[in-house]
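Each chain, letter by letter, is given below.
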Amino acid sequence: MGRTGNGKSATGNSILGKKAFKSQKSSLGITRSSELRSCARNNGQIINVIDTPGMFDLSRGTDYITREIVKCIDLASNTGIHAVLLVFSTKNRFSQEEAATVKTLQNLFGFKIMDYAIVLFTGGDEFEFDDDDDDNIVTFEDYLRDIPVPLKDILIACNNRCLLFDNKTRSETKKNEQVNNLLAMVNEVIAQNGGHPFTHTLFHSTKLEEKLNEVKSKLESQIADEREARRKAEEKLQEMQKRFDDQIRDQNKLLVEVLRRPVEVKVVKECPIL
Ligand SMILES: Nc1nc2c(ncn2[C@@H]2O[C@H](COP(=O)(O)OP(=O)(O)OP(=O)(O)O)[C@@H](O)[C@H]2O)c(=O)[nH]1
Ligand SMILES: [Mg+2]
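What you see is a predicted model, and the numbers here were worked out from it, not measured in a lab.

A. Representation of the pattern of salt bridges in the model. According to the stated counting rule, one finds 13 salt bridges in the structure shown. Salt-bridge contacts for Asp-115 lead to Lys-112; the nearest nitrogen and oxygen are separated by 3.0 Å. Across the pair Arg-231 and Glu-235 runs a salt bridge whose closest N-O atoms are separated by 2.6 Å. With Arg-231 and Glu-235 both in helix α7 (residues 208-260) and four residues apart, this pair spans about one turn of that helix.

B. Highlighting the layout of surface pockets. What the largest pocket holds in volume is close to 1300 Å³. Along its surface, the largest pocket is lined by 45 residues, and Gly-7, Ser-9, Ala-10, Ser-23 and Asn-167 are the ones closest to its centre. For the lining of the largest pocket, the secondary-structure elements that each account for two or more residues are α1 (8-16), β1 (35-40) and α6 (172-192). Per-element accounting of the lining of the largest pocket gives the leading share, seven residues, to α1.

C. Looking closely at the sheet that holds strand β5 (residues 162-165). With parallel pairing, the three strands of this open sheet are ordered in space as β3-β4-β5. Edge positions in the open sheet fall to β3 (84-89) and β5, since each of these has one partner strand only. Across the sheet, the axes of successive neighbouring strands diverge by a mean angle of 30°, strand direction being ignored. Bridge count between β3 and strand β4 (residues 117-122): six bridges; the pairing is parallel. Looking across to β4, one finds that Val-84 is bridged to Ala-117.

D. Layout of the coordination of the magnesium ion (ligand 2). Within the protein, the atoms that donate to the magnesium ion (ligand 2) are Ser-9 (OG) and Thr-31 (OG1), at distances of 2.0 to 2.1 Å. On the criterion of sequence distance, the pair formed by Ser-9 in helix α1 and Thr-31 in the loop between α1 and β1 is long-range, its members being 22 residues apart. Taking relative accessible area as the criterion, Thr-31 reaches 16% and is therefore assigned buried.

E. How the structure looks around the pairing of β1. Sheet topology places β1 next to strand β2 (residues 46-51); six bridges connect them, and they run antiparallel. Paired with Ala-40 across the strands is Ile-46, a residue of β2. Here β1 folds back onto β2 in antiparallel fashion, the turn holding five residues, of which Gly-44 has a positive phi close to 95°.

F. Region of the structure containing helix α3 (residues 96-109). With 14 residues, α3 ought to run about 20 Å at 1.5 Å a step, and its terminal C-alpha atoms sit 20 Å apart, in line with that. Across the 14 residues of α3, 11 count as buried, placing the element largely inside the fold. For α3, the complete set of buried residues consists of Glu-98, Ala-99, Ala-100, Thr-101, Val-102, Thr-104, Leu-105, Gln-106, Asn-107, Leu-108 and Phe-109. Just downstream of α3 lies Gly-110, where phi reads positive at about 90°.

Conventions we followed
Residues numbered from 1 in each chain as written. Chains lettered and ligands numbered in written order. Predicted model: local features only at pLDDT ≥ 70, side-chain atom pairs only at ≥ 80, totals over all residues. Heavy atoms only, no water. Salt bridge = Lys/Arg side-chain N within 4 Å of Asp/Glu carboxyl O. Helix = DSSP H or I, 4+ residues; strand = E, 2+ residues; numbered from the N terminus. 1 Å grid on protein atoms, 1.4 Å probe; cavity = no way out; pocket = protein on both sides within 12 Å on 5 of 7 lines; lining within 4 Å. Points joined across faces, edges and corners; volume = space filled by probe spheres on them. Pairing = 2+ DSSP bridges. Axes fitted to C-alpha atoms, helices over the stretch in contact; angles between N-to-C directions. Donors = N, O, S within 2.8 Å, 3.2 Å for Na, K, Ca; no water. Buried < 20%, exposed > 50% of the residue type's maximum accessible area, 1.4 Å probe, protein only. Expected span 1.5 Å × (residues − 1).

Following this line, the structure appears as structure tokens:
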């Protein structure tokens, strides 16, 4: 799951080790509908990946989201969902829309969904050191230290399960290493969930549209509340700034007055001590 253009399809291709999904640079959504593709690992393990469109982008209507969720549930009906990858890009700024994506997921499927969630950042190539490029001095650890609070909260909700993927690498070693790290994390998630894939009553619900409308209005009111809180904070900041400016002006006035005052020099004619 993740915003349009974050690299969901490219990550799916990296996991499967083949170009299974269309992945392309575009300001418009490339993946139109969810798709399932599979591969067999050398050890015989079968990996199923469902690639989704930017499902919860704010421009999407509830009809579309309903159709896509139903399709995903249907695609996963044979095996269940063992892990949910929340895909973010280190190349894009984290947006309110992305925070809303995770909230929508939680509102729809319940907080339990976070027990299956792994945060995956694409753009791992950004962190490769290049001696000639002074901008490239940030490590992934530095990057994580400076992420905004809503993204930190998502990481905490995922029990800090987090990975970095470079979907552009040509190195076979790196390709294998990152997929192995991801699969190890997925195995951890499976073990922590007692081997049970994610299921929810919603999976069997026919009232998805109703639930989505409920979630949408809840989200809209959450966003409106946040906007109001931000407006109040900005107002308070402006008031503080004004008070600070007034204080500085008064102090400056006082200073000018003091400096303009003639200096009284008292001449002591006779000093008994000296
Ligand atoms: N440099 C770099 N580019 C990446 C990486 N992962 C993805 N991209 C690029 O990001 C662009 C978007 O990737 P997609 O995989 O199409 O993104 P998406 O999330 O599937 O987008 P939609 O299907 O539109 O929702 C493509 O040009 C990818 O090559 C990465 O790790 N590094
Ligand atoms: Mg895609």
